[in-house]
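Summary of structural features
Listed below, chain by chain, are the residues.
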Amino acid sequence: KLVIIGNGTAGSTAASKAIKNEPNISITIISEENHGYYSRPQLPYYIANTKSLEQIQIHKKDWYKQNNIHLIENTNVIDIDKENKNIVLKNKQTIPYDKLLLAQGACPLIPNIKGGNLPGIFVLRNIPDANKIKEHIKQKKAITVIGGGLLGLELAHSLISIGKTVNTIERADHLLPKLLNNNQSSKLQLQLENIGFNFFTDESCKEIEQKNNKLIITTEKKTQIESETIILSIGVKPKKSLAAKAGLKTNRGIFVNEFLQTENPNIYAAGDCIEFNGQCWGFVKATLEQAQIAIDNITLGNHKKYNGSDINPILKIPGINLKEL
């Protein structure tokens, strides 16, 4: 009995691999949402109506039935009983496992900003978030994206493509500082400004106020930026509270060894929730690799080692290639 907590990239990839390794395996997946596995990086295109919900779905509901996977939706796991090898759902139902894979992913970082809970301020991590944003921006024009990372830039581009006026606030003094030097970043910024981006670099949000149906951002440098909608895109943090409650070792994420195994030999973890060699990964490529290695070790015994992932981030905006800057 394999139980997987999480139906995102890590959980769904792991289930697919487990079926190939062991066709008669019993798989249960616990999902917080009521959708099959879909591509989170495609959510900006769903918001912009350039891709439908069906187009961003990778596994529809019938995929789970066809593969004899028991998908339990719209629920949370509230506890892990390591001694008796059970998980406990929020309705107090218990589900036994032989092996457990933690694949809960991450949740958006929400800064402690004065006024940060006002109406019209959103995060984007899942379909419910995307639906709220889609509905809110129907009659709105001015949008501010706080965060100029890859996802923030792709989100801003999707909004610009449907006629929105978008400001992007980036706290670093240049775009993508972990990937680009100042010269490369300047070239990127110019290319993006030419297609409608408006940047506030070396700025961070201090306070948000609501005046006359407008959201007014005041930065640490006292710059004021007026918006009708604000979307926070400043990164994510691993979901580790369930593992910590169960007594598994955590720091920034859930600690795993080279076999992607937690301190408990029957519990493995993969994806955005893990910390390996002091690093949390947060890239789809890393998640895919981790999920497959974890399942190989779960189904065939510990024999494959994870050594980290080589990441070559791509900015998915037409006409822009980071390697050519």
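Worth saying up front: this structure is predicted, and the values here are computed from it rather than measured.

Reading guide: rules and limits
Residues numbered from 1 in each chain as written. Predicted model: local features only at pLDDT ≥ 70, side-chain atom pairs only at ≥ 80, totals over all residues. Heavy atoms only, no water. Pairing = 2+ DSSP bridges. Helix = DSSP H or I, 4+ residues; strand = E, 2+ residues; numbered from the N terminus. Axes fitted to C-alpha atoms, helices over the stretch in contact; angles between N-to-C directions. Contact = heavy atoms within 4.5 Å. Salt bridge = Lys/Arg side-chain N within 4 Å of Asp/Glu carboxyl O. Buried < 20%, exposed > 50% of the residue type's maximum accessible area, 1.4 Å probe, protein only. Expected span 1.5 Å × (residues − 1). Arc of directions from axis to C-beta.

1. What to know about the sheet that holds strand E16 (residues 229-232)
- Read from one edge of the open sheet, five strands run E9-E16-E10-E11-E12, paired in parallel fashion. Either end of the sheet is taken by a strand with one partner, and the two such strands are strand E9 (121-123) and strand E12 (198-201). Taken over all neighbouring pairs, the strand axes of this sheet differ in orientation by 20° on average, direction set aside.
- As paired strands, E9 and E16 are joined by three bridges and run parallel to one another. In the strand pairing of E16, Val123 is matched with Leu232.
- In this fold helix H6 (residues 150-160) packs onto strand E10 (142-146), strand E11 (165-170), E12 and E16, with an angle of close to 170° to the strand it touches most, E10.

2. Points about the pattern of salt bridges
- Counted by the stated rule, this structure contains 12 salt bridges.
- With a shortest N-O distance of 3.1 Å, Arg125 and Asp272 are connected by a salt bridge. With a gap of 147 residues between them, Arg125 in the loop between E9 and helix H5 (127-136) and Asp272 in the loop between strand E19 (267-269) and strand E20 (274-275) connect regions that are remote in the sequence.
- Among the salt bridges present, the one from Glu289 reaches Lys285, with a minimum N-O distance of 3.3 Å. Highlighted residues: Glu289 and Lys285, both in helix H9 (residues 284-300), separated by four residues, approximately one helical turn.
- For Glu289, a relative accessible area of 27% puts it in the partly exposed group.
- Sharing partners across several salt bridges, the network here consists of Lys17, Asp296 and Lys304.

3. Focus on helix H1 (residues 9-21)
- Here H1 is 13 residues long and its end C-alpha atoms lie 18 Å apart, about the 18 Å a rise of 1.5 Å per residue gives.
- Of the residues making up H1, those classed as buried are Thr9, Ala10, Gly11, Ser12, Thr13, Ala14, Ala15, Ala18 and Ile19.
- Those residues of H1 hidden inside the fold are in contact with strand E1 (2-5), strand E2 (27-30), helix H4 (61-66), strand E3 (69-72), strand E7 (99-102) and H9.

4. Observations regarding H5
- Those residues of H5 not exposed but buried are Ile127, Asp129, Ala130, Ile133 and Lys134. Here the buried residues of H5 occupy an arc of 155° about the axis, which is enough to place them on one side. Projecting away from the buried face of H5 at angles above 90 degrees are the exposed residues Lys132 and Glu135.
- The inward-facing, buried residues of H5 contact helix H2 (43-47), helix H3 (53-56), E9 and E16.

5. Some points on unusual backbone geometry
- Not every positive phi belongs to a glycine, and Asn74 is a case in point at roughly 55°.
- Here Asn74 lies in the loop between E3 and strand E4 (77-81).
- Even without being a glycine, Leu176 presents a positive backbone phi close to 50°.
- Counting through the fold element by element, Leu176 comes out in the loop between E11 and helix H7 (182-194).

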